[in-house]
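# Descriptive analysis of the structure
The primary structure of each chain is shown beneath.
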Amino acid sequence: MPTRYLWTPLELGPVTTRNRIVFSAHLTNYARDGKPTEQHAAYYAARAAGGAGLIITEEHSTHPTDWPYEKLIHGFHRDVIPGYRRITDAVHRHRTPIFAQINHNGGQASSMYSRLPVWAPSAVADPLFREVPKAVDRAEIDEIIAGYALVAEHCAEGGFDGIELQCSHSSIVRGFLSPATNKRTDEYGGSVPDRARLLVQIVAAVRHVIGNRLALGVRLCGDELIEGGTTIDDAVEVAKIVEATGQVDYINTSIGVATASLFMIEASMHVPPGYAMFIPSAFRKAVELPVVGVGRFKDPLQAERALAEGHCDLVGVVRGQIADPEFAAKSRAGATDEIRLCLSCNQECVGRMGLNRWLGCIENPRTGREAEGTLGISPKPKSVMVVGAGPAGLQAAIAAARAGHRVNVYEKEPLAGGQVRLAASVPNRAEFGDMIRNQLTECKRLGVTITYGVGVWPGFVDEQRPDHVIVATGAEAARPWWVAGDAERVADVREVLAGTADPHGTVVVIDEIGFHHATSVAELLADRGCDVEIVTPGMVVGQDLGVTLDMENWWMRASAKGIVQSTDLVPMGFANGELTLLHHPTGANQTRHVDWLVLAVPANPVEWLYHDLRAAGVSVERVGDCVAPRRAHAAVVEGERAGAGVR
Ligand SMILES: Cc1cc2nc3c(=O)[nH]c(=O)nc-3n(C[C@H](O)[C@H](O)[C@H](O)COP(=O)(O)O)c2cc1C
Ligand code: SF4
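Residues numbered from 1 in each chain as written. Chains lettered and ligands numbered in written order. Predicted model: local features only at pLDDT ≥ 70, side-chain atom pairs only at ≥ 80, totals over all residues. Heavy atoms only, no water.

## Quick notes on the overall build of the protein
Summing up its helical and strand segments, the protein has 21 helices and 27 strands in all. Relative to its length of 647 residues, the protein is compact, with a C-alpha radius of gyration of 26 Å against a globular reference of 26 Å. Principal-axis analysis of the C-alpha atoms places the extent of the protein at approximately 75 × 65 × 45 Å. The buried share of the protein, taken over its 647 residues, is 60%. Carbon together with sulfur atoms contributes 52% to the accessible area of the protein, which is approximately 24,800 Å² in total. Taken together, the 62 basic and 76 acidic charged side chains of the protein have centroids lying 6 Å from each other. (Helix = DSSP H or I, 4+ residues; strand = E, 2+ residues; numbered from the N terminus. Rg over C-alpha atoms; globule rule 2.2 N^0.38 Å. Buried < 20%, exposed > 50% of the residue type's maximum accessible area, 1.4 Å probe, protein only. Areas by Shrake-Rupley, 256 points an atom, 1.4 Å probe, with all protein chains shown as cover. Lys, Arg positive; Asp, Glu negative; His and termini not counted. Charge placed at Lys NZ, Arg CZ, Asp CG, Glu CD.)

Given below as structure tokens:
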């Protein structure tokens, strides 16, 4: 693929990037006690080694009033500097520049950790944190500015090549810029230049501290996507004000507000790639400064196009490089098809942030573990049989082959992928299938043999005589106790997706899993003309769609497709087309008469082969859903562990 623009160097003030691919800022939860860690250093270094043109770290807080989540880097303490040094030294070893993002989250925070009132331009509560902030006075504004300058000084001492001011989606500066949260009547409120006064003063203070040795960038939100918030016209005006300071070297971009419209900042696969391109595009027409475009750039071709069409000067690839640290190097080498494409599933990156866990990736077990050693090549190459070509089996095969073993995978179906293949067959979820595409590419590269249409039984294993067997036979649909044994017109979501059941007419989908299973199939059936109701014992249908930022889009699609969502209802019985439900908050019974009942309920592990082989004395272990049915990440992690552990 000709990529003319991606590999052109670019000057950002005193810094030259070797290419246009930016690992833009994102939280990692790798900090401990407010300080950066070795986990950070190894994580960023891996992306630098993998060819990123520029790395921008996660935010470093500029003031003690700013502590919205536990594992935030407290940049205002001098004791962060040794950790900064570790990070910058590790990244510089790969001749890659690294900037620090510095920030005060303002009213988009709570006082839970800091035990101090949160600060904001006006006493407008954030919709997520629901805490009324203190409207800052002049002395506090001076303190905020001094905080940014202090942290910039620490960053310079810690070896960073530049500073980025996060003024975009979760920031006190955004709070001042936005008419929705800035209700001030002094010189910091009112017109766009007045609302931008704090930003301009911070720019001056930071530039004063860093001089011309370091680059300075400003990240702006192009559209807050909230009622009465900043729109692209205001944002363009702010970009011009930033340029007019003459003290800034580039502008980074973002969309949405982290607490009100977060689902658009780190958009999942339901939002088309390049969805935020109108923002850098509008900025670029208005200013001369280099502009970074960000938002679901999945592959180098999309990035190249954005540059070639003049939408931006640099391309932020965040999740793309969380999933594959070698995104840039592989593209540069023309090995685009070997890139482990990000799925935009948000399950283990964004999703883990919301759960206060460290950042990982559903398909890359090494993400976040770069500082840990690997087992490497096994001293005794073995023949390894893997049974099942779902995500667990394929990952086990990859890891075993990487360790130097000869690996044969047997899959009873004509295709690889297991449940992932089914999950990806629903409209808008096709990108989930890239997980299997990525794993198959890796298997091919490593010389793994895959045989389809062969079900494995103990006699077959005896004939083949592998040194070790890894069983990854997955799980199968289960009928819950409350469905009568002779009930007709009942199907598991797997059967619907596989096409072995074809529900029609009035359909109730039971959601006892709380993820995409019920919602995906409900959409599919609604698209086929069914009248669909989803019933869940939970307080909300698809509860875990919240952490992956899929909830808002689901609600919009469900409403457009006329899907009814009923909550707090426990299924108690199903026979002869009648579904009995218990409304648990009140104890009242309800009934539904349906043509079909579709079940998204816990599955049963397929474990007989494992037990039979064990009983026969075969060297065997099992991974993934055949141990206990869970989500794909568990399958990948277990597959990796088992494959790498064959010695
Ligand atoms: C887990 C995660 C945390 C993020 N945290 C930040 C942050 O602290 N500061 C910031 O400016 N952007 C943050 N972002 C937004 C990213 O910089 C970027 O705009 C977004 O991920 C879209 O780019 P992508 O589609 O290439 O992932 C975060 C993104 C992710 C995935
Ligand atoms: S967890 Fe999903 S969205 Fe996040 S980086 Fe990995 S593949 Fe991409």
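## As for the sheet that holds strand S5 (residues 98-103)
In space, the eight strands of this closed barrel follow the order S3-S4-S5-S8-S9-S10-S11-S12, with parallel pairing throughout. Across the sheet, the mean angle from the axis of one strand to that of its neighbour is 30°, orientation sign disregarded. Relative to strand S4 (residues 54-61), strand S3 (residues 21-23) is paired through two bridges, and the arrangement is parallel. In the strand pairing of S4, Val22 is matched with Leu54. (Pairing = 2+ DSSP bridges. Axes fitted to C-alpha atoms, helices over the stretch in contact; angles between N-to-C directions.)

## What to know about the site of ligand 2
With respect to spatial proximity, the complete set of residues near ligand 2 consists of Arg319, Ile322, Cys342, Leu343, Ser344, Cys345, Asn346, Glu348, Cys349, Cys361, Ile362 and Glu363. Of the residues in the shell around ligand 2, the class split is seven nonpolar, two polar and three charged. (Near = heavy atom within 4 Å. Nonpolar A, V, L, I, M, F, W, Y, C, P; charged D, E, K, R; others polar.)

## Some remarks on unusual backbone geometry
The backbone of Asn356 sits at a positive phi, close to 65°, despite the residue not being glycine. Within the element layout of this structure, Asn356 appears in the loop between helix H12 (350-354) and strand S13 (383-387). Phi is positive for Leu549, which is not a glycine, with a value near 65°. With respect to the helices and strands, Leu549 occurs in the loop between strand S20 (531-535) and helix H19 (551-561). Looking at Leu549, the relative accessible area reads 7%, which means it is buried.

## Structural notes on the site of ligand 1
Neighbouring ligand 1 are 20 residues, the closest being Ala25, Arg219, Arg296, Val318 and Arg319. Interatomic distance of 2.6 Å between a backbone N/O atom of Ala25 and an oxygen atom of ligand 1. His169 has a polar side-chain atom sitting 3.1 Å from a nitrogen atom of ligand 1. Here ligand 1 loses 96% of its free accessible area of 600 Å² to cover by the protein chains. (Polar contact = N/O pair within 3.5 Å; in protein donor to acceptor, adjacent residues only side chain to side chain.)

## With respect to the pairing of strand S19 (residues 506-511)
Look at any regular strand and the pattern is simple: side chains alternate between the two faces of the sheet. Of all six residues that make up S19, five are buried, and the element is covered over most of its length. Where S19 and S20 come together, five bridges link them in parallel fashion. Residue pairing in the sheet places Val509 in a bridge with Ile534 of S20. In the classification by handedness, the crossover that spans S19, the intervening helix H18 (residues 516-527) and the parallel S20 is right-handed. (Right-handed = clockwise from strand over helix to strand, strands pointing away.)

## Section: the side chain of Glu442
Its place among the elements puts Glu442 in helix H15 (residues 434-445). For Glu442, the contacting residues outside a window of four places in its chain are Ile398 and Arg402. (Contact = heavy atoms within 4.5 Å.)

## Examining the environment of Ser281
Within the fold, Ser281 resides in helix H8 (residues 278-286). When the C-alpha atoms of Ser281 and Tyr43 are compared, they prove to be 31 Å apart, with 238 residues separating the residues in sequence.

## What about the nonpolar core?
Membership of the largest hydrophobic core comes to 87 residues, with the highest contact counts inside it found for Ile163, Leu165, Leu199, Val206, Leu220 and Phe283. Among the elements that take part in this core, helix H3 (residues 138-157) stands out by supplying nine residues, more than any other. Leave out the neighbours within four places in its chain, and Val206 touches Ile102, Tyr148, Ala149, Ala152, Ile163, Leu165 and Leu216. The next biggest cluster of nonpolar side chains, apart from the first, holds 32 residues, and it includes Leu343, Ile436, Ala635 and Val646. (Core = buried A, V, L, I, M, F, W, Y, C linked by side-chain atoms within 4.5 Å.)

## With respect to the pattern of salt bridges
Scanning all chains against the criterion turns up 32 salt bridges. Arg138 is the partner of Glu187 in a salt bridge, and the nearest nitrogen-oxygen pair spans 2.6 Å. Of this pair, Glu187 sits in the loop between helix H4 (172-177) and helix H5 (192-195) while Arg138 sits in helix H3, and the two are 49 residues apart along the sequence. Among the residues examined, Arg138 registers a relative accessible area of 41% and is labelled partly exposed. Bridged by salt links that share partners, the residues Arg296, Lys298, Glu431 and Asp434 form one connected network. (Salt bridge = Lys/Arg side-chain N within 4 Å of Asp/Glu carboxyl O.)

## Focus on the pairing of strand S10 (residues 250-254)
Counted residue by residue, S10 has five buried out of five residues, so it is predominantly covered. Burial along S10 is two-sided: Tyr250, Asn252 and Ser254 facing one way and Ile251 and Thr253 facing the other are all buried. Bridging between strand S9 (residues 215-221) and S10 involves five bridges; their strand directions are parallel. Paired with Cys221 across the bridge in S10 is Ser254. Once the chain exits S9 it traverses helix H7 (residues 232-244) before rejoining the sheet at S10, and the crossover so formed is right-handed. One ladder, built from two bridges, connects S10 with strand S11 (residues 291-294); its direction is parallel. Its bridge partner being in S11, Ile251 is matched across the sheet by Val291. Once the chain exits S10 it traverses H8 before rejoining the sheet at S11, and the crossover so formed is right-handed.

## Looking at the environment of Val426
For Val426, the position within the fold is in the loop between helix H14 (418-423) and H15. Between the C-alpha atom of Val426 and that of Leu524, which follows or precedes it by 98 residues, the distance is 6.5 Å. Here Val426 is in contact with Leu497 and Ser520, once residues within four sequence places are set aside.

Keep in mind these numbers describe shape, not what the thing actually does.
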